[in-house]
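Descriptive analysis of the structure
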Amino acid sequence: MADKKKLLLLDGSSLAFRSFYGLLDLNNFRNQNGLHTNALFGFNRILTRLFEVENPTHMLVAFDAGKTTFRTELFDDYKGGRQKMPSELAEQWPYFSVLIDAMGSKTYELANYEADDIIGTYARQAEAEGFEVVIVTGDKDLVQLATDQTRVDITVKGVSDLKAYTPEIIREEMGIEPLQIIDMKGLMGDSSDNYPGVTNVGEKTALKLLKQYDSIENLYAHIDDLKKSKMKENLMNEKDLAFLSKELATIDINTPVSYDLEEFKVSERDLEKLTAFYREMNFNSFLQNLDQSEGDNSEHFEDIAYQTLEEITEEHFSEEMALYIEMLEDNYHYGKIIGISWGNETAIYTASLETVTASEAFKNWAKNEQMKKNVYDAKRTTVMLHYAGIQLNGVSFDTLLASYIVNTKDSGRDMAPIAQEYGYKELSLDETVYGKGAKQAIPEDKTIIYEHIARKVEAIQTMQPLLMAEFEKDDLTELYFEMELPLAIILAEMEMTGITVEPERLEKMKEEFSVRLTEMERAIHEQAGEVFNVNSPKQLSLILFEKMGLPVIKKTKTGYSTAVDVLEKLSATAPIAQMVLDYRQLAKLQSTYVEGLLKYIKPETGKIHTIYTQTLTQTGRLSSNEPNLQNIPIRMEEGRKIRQAFVPSHPGWKIYASDYSQIELRVLAHISGDKHMQEAFLEGQDIHTSTAMRVFGIEDESDVDGNVRRQAKAVNFGIVYGISDYGLSQNLGITRKKAKTFIERYFEKYPGIQKYMVDIVEEAKEKGYVETLFHRRRYLPDIHSSNFNLRSFAERTAINSPIQGSAADILKVAMIRMDQALKEQGLKTRMLLQVHDELIFECPEEEIPILEKLVPEMMQGAVELAVPLLVDSNYGDSWYEAT
DNA sequence: CGGAATATT
DNA sequence: AAGGCAATATTCCGA
């Protein structure tokens, strides 16, 4: 069967503007000539994506022709009041057509008409010829063109996401037919196109009227039926305006266009033109993608000299070298090393794992603290070699960790993009060399591996001095060498040590849960009156809201929400809601924690070895994965019991756990300098009680009941996150107005906090980044965005990151101090886990008295703040008992 | 492969 | 006029 013809119609002007404002980072998007390139970059991304996703046979990008159109003749002020195109966008304008042409598509503009009209006209023509049509624009007006054959995709936020409008979706969301959009616009007007509509009629009123009267014409035919009201008066007075607005909103589908549809057949993209364009614009990532999609991308690489060794001797080592170990698996506790490379400016060597493990010379070099090694991911390298029976010491630089410290955006497993960023362009993506997903494979020809990893060694060497220079420039040297790099080695040890988990305990829970889940599922089916998949939110929502007719509380992008807060509301009247909640809770425990953890117990050792990712979060926190041991249940007793399976690895040992009390609020008290909050901590008061008394004006501490304290606690949390009245109201289930007064009262009572929030946002705007107590940076490009959401998010981030990040820094310092102390004192105690504000150890019982002094000393003394740090500790026979 | 839901700090 | 709290990971479903 021949593929159906598919026409893609792009509103070039609209998308260009969207790209420009969606990526409003004018400093970073410039080419070597200083030309701004942000809009072109975004536009290219849309085009590439559309070609991939839609695979059109025909395509046209339509542009607005100029200031005057037939609409301005109808209405002088049409699009009046619009500010001029910013010069930064205007200078990019000529290049859009260059890009579109290179991509194999056509552009078109027509004097006196807007892009909308061209699109409307061709859409209707194409429909008549049996095409499938897709329109892409940032302008909602075009939704009026949707039909069964034509879909209209509107950009939602920025340009990356599109929302599809089909007639069904429009009916569902607005309750009208696509063509009625015109009537709606006629009544409500359009502020961006600057035509007025009827006074005081907005979308809501317009839709209400249209549902009753279908069209403006019919509405006015029945205008006498309307009850006397201000609205009726407005409608009568402004009848002309309504009809004029409707005319302005109507897309002309009979524009005198001059090309035949067949002219818009998509042609092959012109690689030469496209490459030249990307080069000119400095779009390196697109260039690289282009290379890959064209297959052999090593063609333009310089040859690299390296030597594959069968026999390794002392001569192959020098005082300072780069080292790289290749393994395809992400999880290095289970993966297989497929090649090893090391070298310096004069020579690069490669060897197989067998050759290396057979070599005493290599092992001695690896172990020797004095012999410096530059690596990419010190932790990964250390653990991989450990499993190969090789001890690695003397790691003096980690280029991955370094690039993350310079910019938290660099977090990649893959070296190529980071190397590229630092000017080393001779390296392919791992994906290109080894394939991805199911297609990934170890190359038959080992020289492919060796050449690739030899380049990695060269990349490490190239990057290292550049990263050092960045450290000096941004005052990051101490953070890196005193905190992050030593921590990487400590984390490696923690991961290798692992934590013992008793499978028997989990197996028992599994049996019990399985029986209960079956029964709960049966009961839910009974209530529903049919068998369905309770795990499917879609099927569940059909049962709840359509079959059983329960009230819809909240919607998601794709349908009805069945989230906790929704089900909780429903549970008052519908027992099935509570049953689903209970079922979900248990199902989560079963699949993620009981069965999930069992999968990760190493049979040989009975231990779980997580992987901490040190270079991922934007705040400086660690993350834990495969499995995540930072979110083991604790709030609900049932889930908390999971922790009973986490036990010491030797008989007679204990699990010892210490956590910081309210570290984030203490950090906030410190950096904000707020006297009242500092005082509360200095006097050892319960902070939430203290807040409750201040904010709610309670005189006597004994009058603070649980509920009031809970509310104060929620406000404190909200403050740390950069609060909004809406967020707080959702959280506490109170009105927005009430939430607002809470926050106002809070700021009144803690003026230092309010000042901090204003100042930090100001600082972020000035510098483009915020930083922690230890100078860890987070860049916030969106702080200047004209997009309200992006900007607001950046502002909240500016408030939260120094708090969350400084707390993370403090625990990192504590870990280093603790590790040092354990080693110096020759203790048997081992640090096992880190969970953001707590450390978990295993220890022989006799060391407990030592730890009770040592751990608080190391943790509380990690940093000197204006308020004391406080640590709580517990121990027992399992993690459960230690918390 | 993205979205929804839910687990933690 | 809009719009939605900070940082993560994992599982499941359904296109």
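Residue numbers run consecutively from 1 along every chain, following the written order of its sequence. Naming scheme: in the order in which they are written, chains are lettered from A and ligands are numbered from 1. With pLDDT at 70 or above as the cut-off, local features in this predicted model cover only qualifying residues; side-chain atom pairs require 80 or more to be listed or tallied, and sums for whole chains, interfaces and linings still use all residues. By convention in this description, side-chain values take in all heavy atoms of the structure and omit both hydrogens and water.

Where we set the bar: UniProt positions are given in the numbering used here, feature names are shortened, and annotations may be inferred rather than shown by experiment.
Chain A goes by DNA polymerase I in an unreviewed UniProt entry, where it is assigned to Jeotgalibaca dankookensis. Recorded in UniProt for chain A, the comment headed Catalytic activity (unreviewed entry) runs: "DNA(n) + a 2'-deoxyribonucleoside 5'-triphosphate = DNA(n+1) + diphosphate". Under the UniProt heading Sequence similarities (unreviewed entry), the note attached to chain A is "Belongs to the DNA polymerase type-A family."

**Quick word on the protein's contact with DNA strand C**
Rules: The rule for a residue being near a molecule or strand is that one of its heavy atoms must lie within 4 Å of it. Polar contact is the term for a pair of N or O atoms within 3.5 Å; when the atoms are in protein, one must be able to donate a hydrogen and the other to accept it, and sequence-neighboring residues count only if both atoms are side-chain atoms. In this text, helices come from DSSP runs of H or I with a minimum length of four residues, and strands from runs of E with a minimum of two, each type numbered from the N-terminal end. For this scheme, ten residues count as nonpolar: Ala, Val, Leu, Ile, Met, Phe, Trp, Tyr, Cys and Pro. Four count as charged, namely Asp, Glu, Lys and Arg, and the remainder, Gly too, count as polar.
Neighbouring DNA strand C are 33 residues; Ser536, Asn731, Arg736, Phe788 and Arg796 lie closest to it. Counting only atoms of DNA strand C within 4 Å of the protein, the fraction found in sugar and phosphate groups is 62%. Gln539 has a polar side-chain atom sitting 3.4 Å from a phosphate oxygen of DNA strand C. Residue Arg796 places a side-chain N or O atom 2.4 Å away from a phosphate oxygen belonging to DNA strand C. Among the secondary structure elements, those contributing two or more residues to the surface near DNA strand C are helix H24 (537-547), helix H26 (575-598), strand S17 (623-625), helix H32 (725-732) and helix H35 (788-824). Broken down by element, the residue count for the surface near DNA strand C peaks at six residues, all from H35. When its residues are assigned to classes, the surface near DNA strand C shows seven nonpolar, 19 polar and seven charged.

**Details of the sheet that holds strand S7 (residues 307-308)**
The cut-off we apply is this: A pair of strands counts as paired when DSSP detects no fewer than two bridges linking them. Here, two residues are considered to be in contact whenever any of their heavy atoms come within 4.5 Å of each other. To obtain an axis, a line is fitted to C-alpha atoms, over the contacting stretch when the element is a helix, and the angle between two such axes runs from 0 to 180 degrees between their N-to-C directions.
Taken in spatial order, the six strands of this open sheet run S7-S10-S9-S8-S11-S12, and their pairing is mixed. Of all strands in the sheet, those with a lone pairing partner are S7 and strand S12 (395-398), marking the two edges. Strands strand S11 (372-375) and S12 of the sheet are contacted by helix H18 (residues 399-406), whose axis makes an angle of about 50 degrees with S12.

**Comments concerning a negative patch on the surface**
We apply this condition: Each patch is built from residues lacking any salt bridge and having more than 30% relative accessible area; the joining distance is 9 Å for like charges and 5 Å for nonpolar side chains (Val, Leu, Ile, Met, Phe, Trp, Tyr). Only the protein chains shown count as cover for residues, with accessible areas throughout obtained via the Shrake-Rupley method and a probe of 1.4 Å. Salt-bridge detection follows one rule: a side-chain nitrogen of Lys or Arg within 4 Å of a carboxyl oxygen of Asp or Glu. Note on charges: Lys and Arg go in the positive column, Asp and Glu in the negative column, and His and the chain ends are not counted at all. Charge coordinates come from a single atom per side chain, which is NZ of Lys, CZ of Arg, CG of Asp or CD of Glu. Under the scheme applied here, a residue whose accessible area is under 20% of the maximum for its type counts as buried, over 50% as exposed, and between as partly exposed, the area being computed with a 1.4 Å probe on protein chains only.
A surface patch of like charges, here negative, comprises Glu699, Asp700, Glu701, Asp703 and Asp705. If you trace the backbone, Asp705 turns up in the loop between helix H30 (687-696) and helix H31 (706-721). By relative accessible area, which is 42% here, Asp705 ends up partly exposed.

**Some details on the sheet that holds strand S15 (residues 607-608)**
What the four strands build is an open sheet, ordered S14-S15-S13-S18; its pairing is antiparallel. Each end of this open sheet is capped by a strand with a single partner; those strands are strand S14 (601-602) and strand S18 (646-647). Across two bridges, the pairing between strand S13 (residues 499-501) and S15 is antiparallel. Bridge assignment links Thr500 to a residue of S15, and that residue is Lys607.

**So, the UniProt feature "domain: DNA-directed DNA polymerase family A palm" (unreviewed entry) in chain A**
Taken from the UniProt record, the annotation "domain: DNA-directed DNA polymerase family A palm" (unreviewed entry) applies to residues 639-847. In this annotation, residues 639-847 is assigned 58% helix and 13% strand; the end-to-end C-alpha distance for the span is 30 Å.

**What to know about H30**
In terms of residue burial, H30 counts as a mostly covered element, since seven of its 10 residues are buried. Within the span of H30, buried status applies to Ile687, His688, Thr689, Ser690, Thr691, Ala692 and Val695. Those residues of H30 that are buried are in contact with helix H28 (663-672), helix H29 (675-682), H31 and helix H33 (736-749). Where H30 begins, the capping side chain belongs to Asp686, and its oxygen is found 3.0 Å from the backbone nitrogen of His688. The first or second residue beyond H30 is Gly697, which carries a positive phi of 65 degrees.

**Overview of the packing of helix H17 (residues 378-387) against helix H22 (residues 477-497)**
For clarity, the threshold we go by: Roughly parallel means an angle under 35 degrees; roughly antiparallel means over 145; roughly perpendicular covers 65 to 115; every other angle is labelled oblique. For a crossing to be left-handed, the near helix must be turned anticlockwise from the far one by less than a right angle; the clockwise case is right-handed.
Relative to each other, H17 and H22 sit at 40 degrees, their axes nearing to 8 Å. The angle between the axes of H17 and H22 places the two elements in the oblique class. Seen along the crossing, H17 lies across H22 with a hand that is right-handed. Contacts from Ala378, Lys379, Thr382, Val383 and His386 in H17 reach Ala488, Ile489, Leu491, Ala492, Glu495 and Met496 in H22. Taken together, the residues of the contact of H17 with H22 sort by class into seven nonpolar, two polar and two charged.

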